[in-house]
Amino acid sequence: MFKLTQKFLPQQRLLNGSNVLRRMISTSDEVKSVDTIGGLPTEIVNEQKLKKTTRTLSTLQNHSVPIAARVTVSKDESRDFMSVFPDVVRDLTNATKTYNCNDAAKWFAQVLQYNVPRGKKNRGILTVLTYKNLMSPQDLTAENIKLAQYLGWCVEMLQSFLVISDDVMDNSTTRRGQKCWHKVENVGLSAINDALMIENALYSLLKQHFSHLDCYVALMELFHEISFITTCGQSLDLLNSNKRVSDFTMENYKAIVDNKTAYYSFYLPFALAMHLAGYKDAEAFRQSKTILLEMGHFFQVQDDFLDCFGNPEVTGKIGTDIQDNKCSWLAVVAMQRANAEQKQIMIDCYGQNDPLKVERVKELYKELSLPSTYAIFEEESYNMIKTHIQQTSRGVPHKTFLQILNKIYQRDS
């Protein structure tokens with residue numbers, strides 16, 4: 001697994017480079033003082049250019065990691081998780097009917113069935129798998145596992161609320177291989193209310209199944225906190241989309257990634273499982289958060305890359321970051337690396353709906369060797385995060401973190 005990494009990055013450099021170990025994504029100030037490109041020291045990138053090394057895009061053709069290491073969710077796990085969803089729909093439609101809203105209950109059932117279970121369900125299943133890893137076998141009763149599954153569906157409901165809202169704001173067309181909810185006939189902007197129903201219904205589910213537990217308040221507070229953090233991140237993302245590409249910085253990118261993606265996609269499922277498993281050690285939560293936010297960075301850079309270079313038939317969506325003027329990793333790194341003429345191309349073409357301009361930006365990314373830079377970033381990030389996992393000491397089994405890391409490493413969707 002590590003032969004390519006050792007070829008590109010001597011072990012001494014990997015372990016001793018403080019800037020590398022601190023973050024694989026640089027800030028705008030670090031670009032000036034440390035001379036980095038996309039969070040990598042410029043000398044590493046230039047080494048590869050001088051050697052004229054060709055490299056298969058690992059994220060698009062991810063064969064170097066064994067299947068068993070990459071796929072951590074078995075068919076049984078996925079099937080068991082899905083088996084609880086009809087109960088979720090029943091509980092929530094019954095709750096809606098108690099307010100004399102029978103028509104709304106029927107509609108809400110359609111909303112839930114179309115939006116909530118359609119994705120990969122990584123966040124929800126991650127909640128369940130983490131809980132199982134944290135508990136002793138004798139405590140893994142059918143009742144406790146079902147509670148973890150309900151908690152996982154609460155995470156998936158939060159995800160659906162965010163996705164529906166994000167798709168409306170971006171005016172996206174497809175999501176998870178199907179039409180975005182607001183693009184479905186007779187839905188339109190009523191999707192906004194549907195999203196709000198999904199978000200608030202998760203608290204109804206929490207009350208029904210967790211109000212008798214000591215961790216109930218902690219669970220509710222965590223959902224509220226992460227929801228607020230994520231909407232702050234969405235606000236940053238929207239505000240940055242109104243800026244010129246020449247004003248994008250890695251510092252802003254980092255803030256968007258932390259708040260919009262990393263907290264709810266990685267820290268939330270993990271922390272929920274810790275609360276349900278009875279963890280109360282603040283330091284264990286702090287160490288976990290540090291590692292999981294690093295994974296969130298890694299994941300979002302992958303997402304930015306796949307938006308541009310991924311196969312829509314595999315990713316399930318048509319990328320629009322260039323047209324939407326998104327502050328993406330590719331755009332920031334391109335502006336870091338570009339000469340004056342290339343920067344002008346970005347200024348003229350980025351954020352435009354003209355297909356020719358979009359294609360010109362993609363061509364420029366290739367001219368700047370961003371796929372190669374990304375491939376190096378991906379492997380070095382993996383090793384950096386793995387090192388940090390091995391340094392944790394407060395009760396959370398290392399295998400729990402590694403299971404997540406191996407799942408997202410070199411993903412193609």
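Our structure is the block above this text.
Read on for a plain summary of the structure.

The rules behind these values
Residues numbered from 1 in each chain as written. Predicted model: local features only at pLDDT ≥ 70, side-chain atom pairs only at ≥ 80, totals over all residues. Heavy atoms only, no water. Helix = DSSP H or I, 4+ residues; strand = E, 2+ residues; numbered from the N terminus. Buried < 20%, exposed > 50% of the residue type's maximum accessible area, 1.4 Å probe, protein only. Contact = heavy atoms within 4.5 Å. Areas by Shrake-Rupley, 256 points an atom, 1.4 Å probe, with all protein chains shown as cover. Salt bridge = Lys/Arg side-chain N within 4 Å of Asp/Glu carboxyl O. 1 Å grid on protein atoms, 1.4 Å probe; cavity = no way out; pocket = protein on both sides within 12 Å on 5 of 7 lines; lining within 4 Å. Points joined across faces, edges and corners; volume = space filled by probe spheres on them. Nonpolar A, V, L, I, M, F, W, Y, C, P; charged D, E, K, R; others polar. Expected span 1.5 Å × (residues − 1). Patch = residues over 30% accessible without salt bridge, like charges linked within 9 Å, V, L, I, M, F, W, Y side chains within 5 Å. Core = buried A, V, L, I, M, F, W, Y, C linked by side-chain atoms within 4.5 Å. Lys, Arg positive; Asp, Glu negative; His and termini not counted. Polar contact = N/O pair within 3.5 Å; in protein donor to acceptor, adjacent residues only side chain to side chain. Axes fitted to C-alpha atoms, helices over the stretch in contact; angles between N-to-C directions. Parallel < 35°, antiparallel > 145°, perpendicular 65-115°, else oblique. Left-handed = near helix turned anticlockwise from the far one by under 90°. Phe/Tyr/Trp six-rings, centres within 6.5 Å; stacked < 30°, edge-to-face > 60°. Lys NZ or Arg CZ within 6 Å of the ring centre and 35° of its normal.

### Points about the overall build of the protein chain
Counting secondary structure elements, the protein chain contains 21 helices and four strands. Looking at the protein chain as a whole, 55% of its 413 residues are labelled buried. If you take every contact in the protein chain between residues at least 6 apart in sequence, the share linking residues at least 24 apart comes to 77%. Of the roughly 18,500 Å² of accessible surface on the protein chain, a fraction of 51% belongs to carbon and sulfur atoms.

### Brief notes about the pattern of salt bridges
Scanning all chains against the criterion turns up 15 salt bridges. Of the charged contacts in the structure, one is a salt bridge between Arg90 and Asp87, with a shortest N-O distance of 3.1 Å. Here the residue Arg90 and the residue Asp87 both occupy positions in helix H8 (residues 85-97), the gap between them amounting to three residues, near one helical turn. The shortest N-O distance in the salt bridge between Asp237 and Lys260 comes to 2.6 Å. Taken together, the residues span a long stretch of sequence, with Asp237 in helix H13 (residues 216-240) and Lys260 in helix H14 (residues 250-276) at a distance of 23 residues. Overall, the relative accessible area of 5% leaves Asp237 in the buried class.

### Re empty space enclosed by the protein
Throughout the structure, instances matching the rule amount to five cavities of 30 Å³ or more. Roughly 100 Å³ of internal volume is contained in the largest cavity. As for the largest cavity, its lining consists of 13 residues, of which Asn115, Val163, Ile164, Asp167 and Arg175 are closest to the centre. Elements with a minimum of two residues in the lining of the largest cavity: helix H9 (102-115), helix H11 (142-170) and strand E4 (178-179). Here the lining of the largest cavity takes four residues from H11, the largest share from any one element. Here the residues of the lining of the largest cavity sort into five nonpolar, four polar and four charged.

### Here's the deal with unusual backbone geometry
Of note, Arg176 is a non-glycine position whose phi angle comes to about 55 degrees, a positive value. Following the sequence through the fold, Arg176 ends up in the loop between strand E3 (174-175) and E4. Given the relative accessible area of 24%, Arg176 is considered partly exposed. Positive phi outside glycine occurs at Asn325, with the angle close to 60 degrees.

### What about H11?
Compared with the 42 Å implied by 1.5 Å per residue over 29 residues, the 41 Å span of H11 between its first and last C-alpha is a close match. With 23 of its 29 residues buried, H11 lies for the most part within the structure. Phi turns positive, to about 55 degrees, at Asn171, one or two residues after H11.

### Points about the environment of Lys289
Turning to its location among the elements, Lys289 is positioned in helix H15 (residues 282-309). The partly exposed category is assigned to Lys289, whose relative accessible area is 29%. Put simply, Lys289 and Ala271 are 18 residues apart on the chain and 8.2 Å apart in space, counted from C-alpha to C-alpha. Excluding residues that lie within four positions of it along the chain, Lys289 makes contacts with Tyr263 and Tyr267.

### Brief notes about a nonpolar patch on the surface
A grouping of Leu189, Ile192 and Leu196 is seen on the molecular surface, where their side chains present a nonpolar patch of about 290 Å² in accessible area. Residue placement: Leu196 occurs in helix H12 (residues 190-210).

### Observations regarding the nonpolar core
Across soluble globular proteins, nonpolar side chains show a tendency to be buried alongside one another. Formed by 114 residues in total, the largest nonpolar core has its most connected members in Phe223, Met295, Met346 and Tyr365. In terms of residues, this core owes the most to one element, H14, which gives 16 residues. In this view, Met295 contacts Phe266, Ile385, Ile389, Phe401, Ile404, Leu405 and Ile408; residues no more than four positions away in its chain are not counted.

### A short note on the side chain of Lys121
On the secondary structure map, Lys121 appears in the loop between H9 and helix H10 (122-134). Despite being buried, Lys121 has no salt bridge partner; Glu156 is the closest side chain of opposite charge, sitting 6.9 Å away. Within the structure, the side chain of Lys121 is placed 2.9 Å from the backbone oxygen of Gly119, a separation counted as a polar contact. Dropping the residues within four chain positions of it, Lys121 is found in contact with Phe81, Met82, Trp153 and Glu156.

### Observations concerning the packing of H11 against H12
It is the contact of H11 with H12, at a shortest axis distance of 8 Å, that shows an interaxial angle of 165 degrees. Overall, the two elements H11 and H12 adopt an arrangement that is roughly antiparallel. Like other packed secondary-structure pairs, H11 and H12 cross with a definite hand, here left-handed. Packed against H11, whose contacting residues are Leu147, Tyr150, Leu151, Cys154, Met157, Leu158, Ser160, Phe161, Ile164, Ser165 and Val168, the element H12 presents Ala191, Ile192, Ala195, Leu196, Ile198, Glu199, Ala201, Leu202, Leu205, Leu206, His209 and Phe210 at the interface. Looking at the contact of H11 with H12 residue by residue, the classes come out as 19 nonpolar, three polar and one charged.

### As for the packing of aromatic side chains
In total, this model carries 15 aromatic pairs according to the counting rule given. Between Phe81 and Trp153, the aromatic rings sit 4.3 Å apart at their centres with planes inclined by 5 degrees, giving stacked as the arrangement. Of this pair, Phe81 sits in helix H7 (residues 75-83) while Trp153 sits in helix H11, placing them 72 residues apart in sequence. Here Phe81 matches Trp153 in class, with each residue buried. Among the aromatic residues, those joined into a ring-pair cluster are Phe298, Phe305, Phe309, Trp329, Tyr374 and Phe377. The ring of Tyr267 has Lys289 sitting right over it, with the charged end atom 5.2 Å from the ring centre.

### Let's talk about the environment of Leu276
By the element assignment, Leu276 lies in helix H14. Residue Leu276 is classed as buried on the basis of its relative accessible area, which comes to 13%. In sequence terms Leu276 and Leu147 are 129 residues apart; their C-alpha atoms lie 8.6 Å from each other. Sequence-distant contacts of Leu276, defined by excluding residues within four places in its chain, comprise Tyr131, Leu147, Ala148, Leu151, Phe210, Leu213 and Cys215.

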